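Structural overview
Residue strings, one per chain:
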Amino acid sequence: MNSELDILILAAGLGTRMRSGKAKVLHHLDGRPLITHVCETAANLDPENIFVVVGHQAEEVTAAVNAEFNDPRIKFVRQEKMLGTGDAVASAREALSGRDSRLLVLSGDVPLINEQTLRSLLETPSAATILTVTLHDPTGYGRVIRSEEGKFDRIVEQKDASPDELAVKEINSGIYCFDTGKLFAALSKISNHNAQGEYYLTDVPGILRQEGETVRLFLHNDPLEIEGVNDRRQLAEMETRLRARTIEKLMLDAGVTFTDPSSVYVSSRAVIGRDTVIYQNVTIEGSTTIGENCVIRPGTRISASKVGSSVEIRDNCLIADSTVNDNCVVGPMAQLRGGAEMAENSHVGNFVELKKTRLGKGSKANHLTYLGDATIGEKTNIGAGTITCNYDGTHKHPTTIGDNVKIGSDTMLVAPVIVGDGAATGAGSVVTKDVPANSLVAGVPAKVKKVVAKES
Ligand code: UD1
Ligand code: MG
């Protein structure tokens, strides 16, 4: 058996059945373009090369792959005219010429194929091995026709199949492992004399068999891994089933409680600790991590964020690209974004927004507040209606607030500005100048009224 492995991913088609202006492989599943799922699985198999065949919206597909992967093994091959899957593979002929390798062919629209399944597929040496599955409803797929002895005979596409062939439930997954040299030799012999006038890759195994080569069938038992996305209904169904599988794993393996699993979306990349309770209509996106013993109340969305343990996130919050440490309370109706961070035991309440702001240990901003580009110390209280005026119309400016500060209700902090430790602002202050430590300022513009405690 050739030891070296190359991988080819077919991703040049438009996907007419999607009825979309966007190439099929750019549609999202589990929050990421279909093509990136396949590229990730391919990369995990340690191949020498990964060729992605691009055609329709080649630049966009290339950009989507490059946005997630910085992998020199991934190369792009251009299919000029989309003449079928056989023609798509043929466009990599030059790139693969002289390679004494096995070529694993994957489809950009079969996103959930499992790495372990592919490793098993690669174990059997042959001119071609075809990954197949038996489907209750095989409509649309190429059917795998076996000989009387149960060996591979040929693949027949749905549109070319006779009624008897249409009744066959074993389908071609579109995933194959070929001997690279034998594949390209056979590929020169396929024609486009079929119902779709296309060059079918599916004709290659039949040609190899006729030439006396070994063609194996690898019958797999998990349809979800093998199903393709050809229209939006299939995409939605796959999303639903993938989500159900992710949530089931979190319940059974990780010990997470879901009060209403069917209404919750959780990314398959999320990690959630045990005894965390997730209520209805919660969305958890990207590589979010959530610790143990948290409560996530209804209507909240958490995206690409890190949440510690024993955190309560109340109803209808949005937390994106941010960090919430242990024992914090967030919400209801709060927003954290742009790398916001809440240190342990801090609280953010209703209608509070934190942007690129760090709220220190034990500090609180409980009502109606905007904190942007701010660094806030420990045990500080931000009164209701406080605003960091961080934008002068051209530039953003920072606000720094020390430890044990009391910002009075409705304070405007006109950045750049520093409020020293132990200081306080009166209700309605407009703070335009730095506030010395341990002093009380008030008024518009705010002036020092008294020193509240001696600096030590
Ligand atoms: C293909 C198989 C079918 C199999 C099914 C599994 C053929 C002829 N048929 O059908 O037997 O059951 O996959 O999902 O191969 N592509 C290109 N260039 C082209 C045409 C397609 O790169 O000229 C790419 C598409 O972007 C897609 C993949 O190849 O990622 C499969 O193409 P698609 O049109 O979806 O083929 P199916 O009809 O699903
Ligand atoms: Mg398809």
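Keep in mind that this is a model prediction, so the values were computed, not measured. (Residues numbered from 1 in each chain as written. Chains lettered and ligands numbered in written order. Predicted model: local features only at pLDDT ≥ 70, side-chain atom pairs only at ≥ 80, totals over all residues. Heavy atoms only, no water.)

Focus on the coordination of the magnesium ion (ligand 2)
Our working definition: Coordinating donors are taken as N, O and S atoms within 2.8 Å of the metal, stretched to 3.2 Å for Na, K and Ca; because water is absent from the atoms, sites can appear incomplete. Only DSSP runs of H or I with at least four residues qualify as helices, and only runs of E with at least two residues qualify as strands; both kinds are numbered from the N terminus onward. Think of it in three bands: with a 1.4 Å probe and only protein chains considered, a residue is buried below 20% of the maximum accessible area for its type, exposed above 50%, and partly exposed in between.
The protein atoms donating to the magnesium ion (ligand 2) are Asp109 (OD) and Asn230 (OD1), with metal-donor distances spanning 2.2 to 2.4 Å. With Asp109 in the loop between strand E6 (102-107) and helix H5 (115-123) and Asn230 in the loop between helix H9 (223-226) and helix H10 (232-252), this pair connects stretches of sequence that are 121 residues apart. By relative accessible area, Asn230 is classed as buried at 13%.

Describing the side chain of Ser173
Spelled out, the test is: N or O atoms within 3.5 Å of each other form a polar contact, as long as, within protein, one can give a hydrogen and the other can take it, and as long as residues adjacent in sequence are counted only when both atoms are side-chain atoms. Here, residues are in contact when the closest pair of their heavy atoms is within 4.5 Å.
As for its placement among the helices and strands, Ser173 is situated in strand E10 (residues 170-179). At 2.6 Å, the side chain of Ser173 and the backbone oxygen of Leu131 are in polar contact. Separated by 3.0 Å, the side chain of Ser173 and the backbone nitrogen of Ile175 make a polar contact. The residues touching Ser173, leaving out its near neighbours within four places in the chain, are Val110, Leu131 and Ile226.

A short note on the confidence of the model for the protein chain
For clarity, the threshold we go by: For every residue, the pLDDT score states the predictor's confidence, bounded by 0 at the bottom and 100 at the top.
Summing up the model confidence of the protein chain, the mean pLDDT is 96 and the portion of residues at 70 or higher is 99%. Element-level pLDDT for the protein chain is lowest in H9, with a mean of 92, against a maximum mean of 99 in strand E23 (residues 323-324).

What about helix H7 (residues 180-187)?
Definition in use: The arc under discussion is defined with respect to the helix axis, by the directions toward the C-beta atoms.
All of the buried residues in H7 are Thr180, Leu183, Phe184, Ala186 and Leu187. Down the axis of H7, the buried set is contained in an arc of 165°. They therefore lie on one face. Close packing links the buried residues of H7 with helix H3 (85-90), helix H4 (93-96), E6, E10 and helix H8 (203-210). N-capping of H7 is provided by Asp179, with a side-chain oxygen placed 3.1 Å from the backbone N of Gly181.

A look at the site of ligand 1
Rules: For this description, a residue counts as near a given molecule or strand if any of its non-hydrogen atoms is within 4 Å of it. To measure how exposed things are, a 1.4 Å probe is used in the Shrake-Rupley method; for residues, cover is taken only from the protein chains shown. Note on residue classes: Ala, Val, Leu, Ile, Met, Phe, Trp, Tyr, Cys and Pro are nonpolar, Asp, Glu, Lys and Arg are charged, and everything else, Gly too, is polar.
In the region of ligand 1, 24 residues are neighbours, and Gly13, Gln79, Thr85, Glu157 and Asn172 sit closest. Within the side chain of Gln79, one N or O atom sits 2.7 Å away from a nitrogen atom of ligand 1. Protein chains shield 90% of the accessible area of ligand 1, which is 760 Å² for the free molecule. Of all the secondary-structure elements, those providing two or more residues to the shell around ligand 1 are H3 and E10. Taken together, the residues of the shell around ligand 1 sort by class into nine nonpolar, eleven polar and four charged.

Some details on the packing of aromatic side chains
Rule in force here: Any two rings among Phe, Tyr and Trp, with Trp reduced to its six-membered ring, count as a pair given centres within 6.5 Å; such a pair is stacked if its planes are under 30 degrees apart, edge-to-face if over 60, and tilted if neither. We call a charge positioned over a ring when the NZ of a Lys or the CZ of an Arg lies within 6 Å of the ring centre and within 35 degrees of the ring normal.
In total, this model carries one aromatic pair according to the counting rule given. Over the aromatic face of Tyr391 sits the side chain of Lys396, whose NZ or CZ is 5.2 Å from the ring centroid.

Quick word on the sheet that holds strand E26 (residues 341-342)
As a reminder of what qualifies: In short, DSSP must find at least two bridges between two strands for them to pair.
In spatial order, the strands read E14-E17-E20-E23-E26-E28-E30-E33-E36; together these nine strands make up an open sheet with parallel pairing. Looking at which strands have only one partner, the edges of the open sheet turn out to be strand E14 (271-272) and strand E36 (417-419). For strand E33 (residues 399-401) and E36, the ladder comprises three bridges, and the chain directions are parallel. Paired with Thr400 across the strands is Ile418, a residue of E36.

Re the layout of surface pockets
Empty space among the atoms becomes apparent when a probe as large as a water molecule is rolled across them. This is how it is decided: Note on definitions: the grid is 1 Å and covers protein atoms alone; a cavity is a set of points where a 1.4 Å probe fits but cannot get out; a pocket is an open set with protein on both sides within 12 Å along at least five of seven lines; lining residues have an atom within 4 Å of a point. Grid points are joined across faces, edges and corners, and a volume is the space filled by probe spheres set on the points.
There is about 1,600 Å³ of room inside the largest pocket. Along the wall of the largest pocket there are 50 residues; nearest its centre are Arg17, Lys24, Asp109, Gly140 and Asn230. Secondary-structure elements contributing two or more residues to the lining of the largest pocket are H3, E6, E10 and H10. In terms of residue count, the dominant contributor to the lining of the largest pocket is H10 (five residues). A class-by-class count of the residues in the lining of the largest pocket yields 16 nonpolar, 22 polar and twelve charged. Of the voids in this model, the second largest pocket is the one considered here, and its volume is about 610 Å³. Elements represented by at least two residues in the lining of the second largest pocket include exactly helix H1 (34-44), H9 and H10. Considering each element in turn, the lining of the second largest pocket owes the most residues, five residues, to H10.

Notes on unusual backbone geometry
The linkage connecting Ala415 with the following residue, Pro416, adopts the cis geometry, with an omega of 0°. For Pro416, the location among the structural elements is in the loop between strand E35 (412-414) and E36. Going from Val444 to Pro445, the amide bond is cis rather than trans, its omega being -10°. Relative to the assigned elements, Pro445 resides in the loop between strand E39 (439-442) and strand E40 (447-451).

So, the pairing of strand E5 (residues 74-78)
To keep it simple, the criterion reads: Crossover handedness is defined by viewing with both strands directed away from the observer: a clockwise path from the first strand over the helix to the second marks the crossover as right-handed.
Relative to E5, strand E4 (residues 49-54) runs parallel, the two sharing five bridges. Along E5, the bridge assignment pairs Ile50 with Ile74. Handedness of the crossover is the feature at issue here: the chain leaves E4, passes through helix H2 (residues 58-68), returns alongside E5, and the resulting connection is right-handed.

So, H10
Because the α-helix completes a turn every 3.6 residues, residues three or four places apart line up on one side. Inclusion rule: Here, expected helix span is obtained from the residue count minus one, scaled by 1.5 Å.
The terminal C-alpha atoms of H10 lie 30 Å apart, and with 21 residues this matches the ideal 30 Å at 1.5 Å per residue to within 8%. All of the buried residues along H10 are Leu235, Met238, Leu242, Thr246, Ile247 and Leu250. The buried side chains of H10 occupy one side of the element, clustering within an arc of 160° when seen end-on. Pointing more than 90 degrees away from the buried face of H10 are the exposed residues Arg233 and Leu252. Residues of H10 that are buried make contact with strand E2 (28-29), H1, H9, strand E12 (257-258), strand E13 (265-266) and E14. For H10, the N-terminal capping position is held by Asp231, with its side-chain oxygen 3.2 Å away from the main-chain nitrogen of Arg233.

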